[in-house]
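Chain by chain, the residues:
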Amino acid sequence: MKMRKGLWIQVLVLALVFSLILVLVNNISTNLIRSGLGFDFGWLNRTAGFALAEHVLPYSSSDNYAWALLIGWLNSLKVIFASLIMATLIGFFVGILSAGRNTLLRFLASLYVTFIRQIPLLLQLLFWYFVGFLSIQGNLIGPFKGILNISNQGIVILGINLSAEFSALLIGLSVYSGAYISEIVRGGIQSVSRGQWEAFRSLGLAENIGLIKVIMPQALPAILPGLTSQYLNLAKNSTLAIAVGYSDIYAISDTIITQTGRAIEGFILLLISFFFLNIIISNCMELLNNRLLSYQKH
Amino acid sequence: MFSNLINSLVVISIVFIFLFSLLLVFKWLLFSSQWGVVTQNLPLYAFGVFPVDQRWRPCLWLLILAFLSIVTIFKPRWSWFGKVLPIAWVGVIPLGVGLLSGGLGLLPVESRHWGGFTLTILLMSCSALLAFPLGIMFAIGRQSKLPLIKYFSALYIDALRAVPLISILFFGQLLIPLFLPLGVEINRVSRAVISFTLFVAAYIAEDIRGGWQAIPNSQLEASKALGLSQAQTIRFIILPQALTIALPALTNQAIGLLQNTSLMSILGLVELLGISRSILANPVFIGRYIEVYVWLAGIYWVICTVMALLLRQLEEKVSIQRRIRKNV
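Residues numbered from 1 in each chain as written. Chains lettered and ligands numbered in written order. Predicted model: local features only at pLDDT ≥ 70, side-chain atom pairs only at ≥ 80, totals over all residues. Heavy atoms only, no water.

Q: Explanation requested: the overall build of chain B in the structure shown.
A: The helix and strand tally for chain B stands at 13 helices and zero strands. Reading chain B from its N end, one meets helices and strands in the order α-α-α-α-α-α-α-α-α-α-α-α-α. In terms of principal-axis extent, the alpha carbons of chain B reach across some 75 × 75 × 45 Å. Residue pairs at least 24 apart in sequence account for 74% of intrachain contacts in chain B once pairs closer than 6 positions are excluded. (Helix = DSSP H or I, 4+ residues; strand = E, 2+ residues; numbered from the N terminus. Contact = heavy atoms within 4.5 Å.)

Structure below.
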């Protein structure tokens, strides 16, 4: 009797979901026919016609939309990867400080975390871009000209040229994610029992070495899952690039949809590209996790 | 000795950088900041381009909200107060929509004239109100024993959590009109609220699932022993506990939602950040970025703090109720 009730509920839900989908598809197809667009991906082969300031692979405005999307995806990957590293460095640094014994540094760390977390990321990005870079007059760092050059054109460091858009996005994302990562690191370190600290101190190990060799290996299993979700968040947050004019995958999809009116196809492509981004990040973290576990066993 | 030296160097340089930036901030505050861009535009920040003679309506709503917040945080000892307060909080949200849109004797004001701080709060509160029951629904669906319902809920939650919010909002603006039958049109604000709702519901569902999984199994066995049906178990045993456990996470969601409403400024709504960007585009105030951004950061900071305080009251109340129930 109970079995049958469950079955009926499922059939009912299935019918509801399907009829909802049917109604929506019906509406959208009448709307698309009316606007004369239809549903196909043939437009991917057409010439894009817009220039991109930043591209990892060669790109010109006579290339097609598909190539432009790929360039955007690679741009996304570039900024995500760079800010991921910087955010991790900031996060671990601040996290270790806020789990440490120095009261002043703990206070500064908690100031940073609360301050950053209470302000929208978009506002922070705009701040870094318009105030941090665009309002610089001349070279910010005089004496180091040639090695490090910070101006409203961006950052030039040892011949590597980073545009102002990229740099603002990089700094904004790293500082923002760093605050979240530092909380995870702090939690991880604090989850290691106090006895471990006392043990390495009584063995005569220096504070730094004990932290790296004794505490961190035990804290990492608690840190990694949180770190993975922060990395995924960072990847999603990188789409705010459009606000500072960096041409990532979302910004380029936006331009293409405005040009062609292919909203549904564009949405599907964006979904797929994020699917791949997520898979790359979570698989790398999985790999790291497994390596860590096997390393600990030996 | 060596590591101590490095440690002290790091400490000194951090403190030095901190003091140096503090000095820069004070120098800027004293000598180069000009707050005209903020003080001359206060009504714009608060109400956007709402018709001037109708501004008392959003103003009234904000005052009611402020009043409710104050009485919630400082909890006077009125006996009727505890029962009325939750109803008032839920009721104040449709009241706000009514006050802004007009009708019933008030002059109707189109949603494209809504803006500023009022719109930020409206987007946040409407989406939160709608997303909460939807999130609970999906959480229950994901824990269901019926494979089909479980599968649908999991698919929805995972799909929405995999995509960036801005794309949901953008395609919400573009696609929701396409999904509607011919002749039915909804305005940009409603489209934004729908997109936020769909997005946040997935996260709420996941948070509630976390709370759900933290409930000890003995609770379920006890409810089975009492002969409660499955619906009764969820309603009286699981949900109250899962929600209580998930409340801190839900607080973070609410604060995140408030901050995320700023994304609508990219998509053409003049909420708090949007109206600030159009003020900055005014040639009179050109280049006054820092003042505006500092002002906005202050507002967001205050509102986030107030929200955290309000939700902590809720947390306290819930835990007190649990304690009372335990004693009885």
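Q: Honestly, the overall build of chain A in this entry has me stumped. Any pointers?
A: Across its full length, chain A carries nine helices and three strands. With the C-alpha coordinates aligned to their principal axes, the bounding extent of chain A is approximately 75 × 75 × 35 Å. By residue count, 43% of the 298 residues in chain A fall in the buried class. Contacts in chain A between residues at least 24 apart in sequence constitute 64% of all its contacts with a sequence separation of at least 6. For chain A, the accessible area works out to roughly 15500 Å², and carbon and sulfur atoms hold 68% of it. Across chain A, 18 positive and 11 negative side-chain charges occur, with their mean positions spaced 12 Å apart. (Buried < 20%, exposed > 50% of the residue type's maximum accessible area, 1.4 Å probe, protein only. Areas by Shrake-Rupley, 256 points an atom, 1.4 Å probe, with all protein chains shown as cover. Lys, Arg positive; Asp, Glu negative; His and termini not counted. Charge placed at Lys NZ, Arg CZ, Asp CG, Glu CD.)

Q: What am I meant to see in the side chain of threonine 251 of chain B here?
A: On the secondary structure map, threonine 251 of chain B appears in helix 11 (residues 230-260). Not counting residues within four places of it along the chain, the set of residues in contact with threonine 251 of chain B comprises Ala308, Leu311 and Glu315 of chain B.

Q: Quick question: what am I supposed to make of the packing of aromatic side chains here?
A: Each pair of aromatic rings is reported with the distance of its centres and the angle of its planes. Using the criterion set out here, one finds 18 aromatic pairs over all chains in the structure. Ring geometry for phenylalanine 16 of chain B against phenylalanine 20 of chain B: centres 6.3 Å apart, planes inclined by 15 degrees, an arrangement best described as stacked. Of this pair, phenylalanine 16 of chain B and phenylalanine 20 of chain B both sit in helix 1 (residues 2-32), four residues apart, roughly one helical turn. Among the aromatic side chains, those forming a connected cluster through ring pairs are Tyr129 and Phe130 of chain A together with Tyr289 and Tyr293 of chain B. A cation over a ring is seen here: arginine 117 of chain A above tyrosine 180 of chain A, with NZ or CZ 5.2 Å from the ring centre. In this structure, arginine 161 of chain B packs its charged tip against the face of tyrosine 203 of chain B, placed 4.9 Å from the ring centre. (Phe/Tyr/Trp six-rings, centres within 6.5 Å; stacked < 30°, edge-to-face > 60°. Lys NZ or Arg CZ within 6 Å of the ring centre and 35° of its normal.)

Q: Where do I start with the sheet that holds strand 1 (residues 148-151) of chain A in this structure?
A: For sheets, the rule is that strands pair by backbone hydrogen bonds, running either parallel or antiparallel. Residues and elements named next belong to chain A. Strand order in the open sheet formed by three strands is 1-2-3, and the pairing between neighbours is antiparallel. Of all strands in the sheet, those bounded by a partner on one side alone are strand 1 and strand 3 (160-163). Strand after strand, the sheet turns through a mean of 10 degrees between neighbouring axes, direction not considered. Bridge analysis of strand 2 (residues 154-157) against strand 3 gives four bridges, and the strand direction is antiparallel. Within the sheet, the bridge partner assigned to valine 156 lies in strand 3 and is asparagine 161. (Pairing = 2+ DSSP bridges. Axes fitted to C-alpha atoms, helices over the stretch in contact; angles between N-to-C directions.)

Q: Hey, could you run me through the environment of methionine 124 of chain B in this one?
A: Residue and element names in this part refer to chain B. For methionine 124, the location among the structural elements is in helix 6 (residues 116-143). The spacing of methionine 124 and glycine 256 is 132 residues in sequence and 9.6 Å in space, taken between C-alpha atoms. The residues contacting methionine 124, other than those within four sequence positions of it, are Ala254, Leu257, Leu258, Thr261 and Met307.

Q: How should the interface of chain A and chain B be read in this particular structure?
A: Quite often, the size of an interface is put as the accessible area lost when its parts meet. Contacts between the two partners involve 48 residues from chain A, matched on the other side by 46 residues from chain B. Taken over both partners, the interface formed by chain A and chain B buries close to 4300 Å², and the fraction arising from carbon and sulfur atoms is 77%. Elements with a minimum of two residues in the side of chain A that touches chain B: helix 1 (2-35), helix 2 (65-99), helix 3 (103-117), helix 4 (121-134), helix 7 (207-237), helix 8 (249-260) and helix 9 (263-297) of chain A. For the side of chain A that touches chain B, the leading source of residues is helix 1 of chain A, giving 11 residues. (Buried area = accessible area lost by both parts, 1.4 Å probe.)

Q: It is not clear to me how the packing of helix 4 (residues 56-74) of chain B against helix 6 of chain B should be interpreted in this structure. Could you clarify?
A: When two helices pack together, their arrangement is given by the angle between the helix axes and by the axis-to-axis distance. Residues and elements named next belong to chain B. Running from N to C, helix 4 and helix 6 point in directions that differ by 55 degrees, and their axes come no closer than 10 Å. As summarised for this structure, helix 4 and helix 6 are arranged oblique, according to the angle between their axes. Crossing angle aside, the handedness with which helix 4 passes helix 6 is left-handed. Two secondary-structure elements touch here, helix 4 through Pro58, Trp61, Leu62 and Leu65 and helix 6 through Phe117, Thr118, Ile121, Leu122 and Ser125. (Parallel < 35°, antiparallel > 145°, perpendicular 65-115°, else oblique. Left-handed = near helix turned anticlockwise from the far one by under 90°.)

Q: Would you mind going over the domain arrangement of chain B with me for this structure?
A: Structurally, chain B comprises domain 1 (1-32) and domain 2 (42-327). For domain 1 of chain B and domain 2 of chain B, the distance between their C-alpha centres works out to 39 Å. (Domains from an automatic or database assignment.)

Q: How should the pattern of salt bridges be read in this particular structure?
A: When charged atoms on two side chains of opposite charge get close, those side chains can pair. Evaluation of the coordinates by the stated rule reveals 10 salt bridges over all chains. For the salt bridge of arginine 101 of chain A with glutamate 207 of chain A, the shortest nitrogen-to-oxygen distance reads 3.4 Å. In this pair, arginine 101 of chain A sits in the loop between helix 2 and helix 3 while glutamate 207 of chain A sits in helix 7, placing the two residues 106 residues apart along the sequence. For arginine 101 of chain A, a relative accessible area of 58% corresponds to the exposed category. Glutamate 207 of chain A is paired through a salt bridge with arginine 201 of chain A; the nearest N and O atoms lie 2.9 Å apart. The structure contains a network of salt bridges with shared partners spanning Arg142, Asp158, Glu206 and Arg209 of chain B. (Salt bridge = Lys/Arg side-chain N within 4 Å of Asp/Glu carboxyl O.)

Q: Explain the confidence of the model for chain A here, please?
A: Looking at chain A, pLDDT values average 85 and 95% of them are 70 or higher. Mean pLDDT values for the elements of chain A range from 76 in strand 1 of chain A up to 93 in helix 5 (residues 164-191) of chain A. (pLDDT = per-residue confidence, 0-100.)

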